[in-house]
Amino acid sequence: MDWDNLCFNTATLIAGVFVLDYGADKFLDHTVIVGRRLGISPTLIALLTAGAEYEELAVVIAAILQHRSPLALGNVMGSAISNILGAFSLGLLCHPGGMEFDRSAKIYAALQLAVTTLFVALAFFHLLNQVTGAVLIAVFVLYIISIGYAIYKGVTEPPQMSDSDSDDEIPTTAQTSVSETLPLLENASPRQDPQPLYQHIFQLLFGLLALSLSGYILAHSAGAIADSLQLSGTVFGLTVIAFATTLPEKLISVLSGSRGQGGIVIATTAGSNIFLLTLCVGVVAIAGLPVNRADTFDTFILFDLVMVWMSALGFTVVAFLGPSRIAGLVFLLAYVAFVVLEFTVYKR
């Protein structure tokens, strides 16, 4: 084994994660600011940034461009599992008591289960192709429209704004929900932000550039590490990459759970997984999956699909029954068992 090459790619992977998180922060924060300046509806801004896994999308696109579709799909599935078993579980364990899930939270959880079931069915029957990929992207668009309409009619509350800290004028911190942020967006005065619009546009583009570069770095270094350790791209994407790219979600769950803000914990997790299993999977499917039997087996294993669906089911059950530290502990132990099994039994 080439230890020098392995250490270099590991260091590159770690650096890429930091750049990825920085780029996602810049992109989301300044998207909100530019949207407000241009008079775009605050609700629409909230929907476009709520639970948006743009860092995952950057990794997916970079992996596809490097002809590593199994790594891209593994990252998506692993992130969906990690969001629930790794991040949501921490929110349940950290809540001080008295945290409740309202009607909106239950709606988001049910939508997430429905989307997950659709994805698992398509993957199990090997139906992910250009046509179904387009359908999944259409489902994502329909999700945005339907949630926007529900908010407009007052059926549900807007989801969490973003998974990043605020910047300059928009308080999009983990402890601030969109229901609190929207009035600030609507009533904000231009005097609160002395920076001209073009500076925010420049920083938005800079964040997008950072996302793109970090996605390329992560995909390339992850593939090299997987090859060095003789692991499949799917396993590495399911475990290491998924864990690293969902660290912001874990932080949000800990902070929100400790403050008893159950709606944020649920909405962030559900919104992230819907984004992953519709838009991100749709992009992978349209780009094309491996066609030979060996690569197809490497991409899909029944164990992975079962974990994706069972975690979504458990998430929905907890959303309807209410928060429980015991459920959080069970989820966390299940995540540890999942990672261990991936590196041992299912390392392929």
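You'll find the protein entered in an unreviewed UniProt entry as Sodium/calcium exchanger membrane region domain-containing protein, with Aspergillus wentii DTO 134E9 given as the organism. Note on the protein: under the UniProt heading Sequence similarities (unreviewed entry), the record states "Belongs to the Ca(2+):cation antiporter (CaCA) (TC 2.A.19) family. SLC24A subfamily." Per UniProt, the protein has the following entry under Subcellular location (unreviewed entry): "Membrane".

From N to C terminus, the protein includes 14 helices and zero strands. Starting at the N terminus and ending at the C terminus, the protein contains elements arranged as α-α-α-α-α-α-α-α-α-α-α-α-α-α. Summarising the internal contacts of the protein: among those between residues at least 6 apart in sequence, 85% fall at separations of at least 24. Surface summary for the protein: the accessible area is close to 14800 Å², and the carbon and sulfur share equals 69%.

Per-residue confidence for the protein gives a mean pLDDT of 77; residues scoring 70 or more make up 75%. Within the protein, the lowest mean pLDDT, 39, falls on helix α7 (residues 178–187), and the highest, 94, falls on helix α13 (residues 302–321). Under a pLDDT of 50 for its full length, residues 160–191 has, in the predicted model, 92 contacts with residues more than four places off or in other chains. When the criterion is pLDDT under 50, residues 291–299 qualifies, and its contacts beyond four places in sequence or with other chains add up to 15 contacts.

Together, Y22, F202, F206, L209, L213, Y216 and I217 make up a nonpolar patch on the protein surface, roughly 710 Å² of accessible area in all. In terms of residues, the nonpolar patch owes the most to one element, helix α8 (residues 197–228), which gives six residues.

With 22 residues, helix α5 (residues 103–124) should cover 32 Å at 1.5 Å per step; its first-to-last C-alpha distance of 32 Å lies within 8% of that length. Sitting at the head of α5, D102 places a side-chain oxygen 2.9 Å from the backbone nitrogen of A105. Directly beyond the C-terminal end of α5, a positive phi value near 55° is found at H126.

Take the packing of helix α4 (residues 69–94) against α13 next. The interhelical angle for the contact between α4 and α13, taken along N-to-C directions, is 35°, at an axis separation of 9 Å. The crossing of α4 and α13 is left-handed. Residue-level inspection shows M77, I81, I84, L85, F88 and L92 of α4 in contact with α13, the latter providing D304, L305, M307, V308, S311, A312, F315 and V318. Per-class residue counts for the contact of α4 with α13 are 12 nonpolar, one polar and one charged.

Look at the UniProt record and you will see "transmembrane region" (unreviewed entry) annotated at residues 71–95, 107–128, 134–152, 201–219, 231–252, 264–288, 300–321 and 328–346. The annotated region residues 71–95 carries 96% helix and 0% strand content, and the separation between its end C-alpha atoms amounts to 34 Å. Secondary structure over residues 264–288 splits into 96% helix and 0% strand, and the C-alpha atoms at its two ends are 35 Å apart.

Another aspect to go through is the nonpolar core. Counting residues in hydrophobic clusters, the biggest one holds 78 residues, and the most contacted among them are F88 and F119. Per element, the largest residue contribution to this core is 13 residues, and it comes from helix α11 (residues 262–287). Discounting residues that sit within four places of it in the chain, F88 has contacts with N83, F101, S253, V265, I266, T269, F315, V318 and F331.

Bringing the environment of L218 into the picture now. Tracing the backbone shows L218 in helix α8. Taking relative accessible area as the criterion, L218 reaches 1% and is therefore assigned buried. For L218 and T10, which are 208 residues apart along the polypeptide, the C-alpha to C-alpha distance reads 9.7 Å.

Let's shift gears to the environment of I147. Tracing the backbone through its elements, the reader meets I147 in helix α6 (residues 130–153). Take I147: its relative accessible area is 4%, and that puts it in the buried class. Sequence separation of I147 and Y108 is 39 residues, and the distance between their C-alpha atoms is 9.2 Å.

Inspection of the secondary structure assignment puts G263 in helix α11. When the C-alpha positions of G263 and S104 are compared, they lie 7.5 Å apart, and in sequence the two are 159 residues distant.

Take the packing of aromatic side chains next. For the coordinates displayed, the defined rule picks out nine aromatic pairs. Consider the rings of F88 and F331, whose centres lie 6.2 Å apart with planes at 40°: the pair is tilted. Of the two residues, F88 sits in helix α4 while F331 sits in helix α14 (residues 325–343), which places them 243 residues apart along the sequence. For the pair F88 and F331, one class covers both residues: buried. Between F303 and F338, the ring centres sit 6.0 Å apart and the planes meet at 25°, which makes this aromatic pair stacked. In this pair, F303 is assigned in helix α13 and F338 in helix α14, connecting sequence segments 35 residues apart.

What counts as what
Residues numbered from 1 in each chain as written. Predicted model: local features only at pLDDT ≥ 70, side-chain atom pairs only at ≥ 80, totals over all residues. Heavy atoms only, no water. UniProt positions renumbered as here; feature names shortened; annotations may be inferred. Helix = DSSP H or I, 4+ residues; strand = E, 2+ residues; numbered from the N terminus. Contact = heavy atoms within 4.5 Å. Areas by Shrake-Rupley, 256 points an atom, 1.4 Å probe, with all protein chains shown as cover. pLDDT = per-residue confidence, 0-100. Patch = residues over 30% accessible without salt bridge, like charges linked within 9 Å, V, L, I, M, F, W, Y side chains within 5 Å. Salt bridge = Lys/Arg side-chain N within 4 Å of Asp/Glu carboxyl O. Expected span 1.5 Å × (residues − 1). Polar contact = N/O pair within 3.5 Å; in protein donor to acceptor, adjacent residues only side chain to side chain. Axes fitted to C-alpha atoms, helices over the stretch in contact; angles between N-to-C directions. Left-handed = near helix turned anticlockwise from the far one by under 90°. Nonpolar A, V, L, I, M, F, W, Y, C, P; charged D, E, K, R; others polar. Core = buried A, V, L, I, M, F, W, Y, C linked by side-chain atoms within 4.5 Å. Buried < 20%, exposed > 50% of the residue type's maximum accessible area, 1.4 Å probe, protein only. Phe/Tyr/Trp six-rings, centres within 6.5 Å; stacked < 30°, edge-to-face > 60°.

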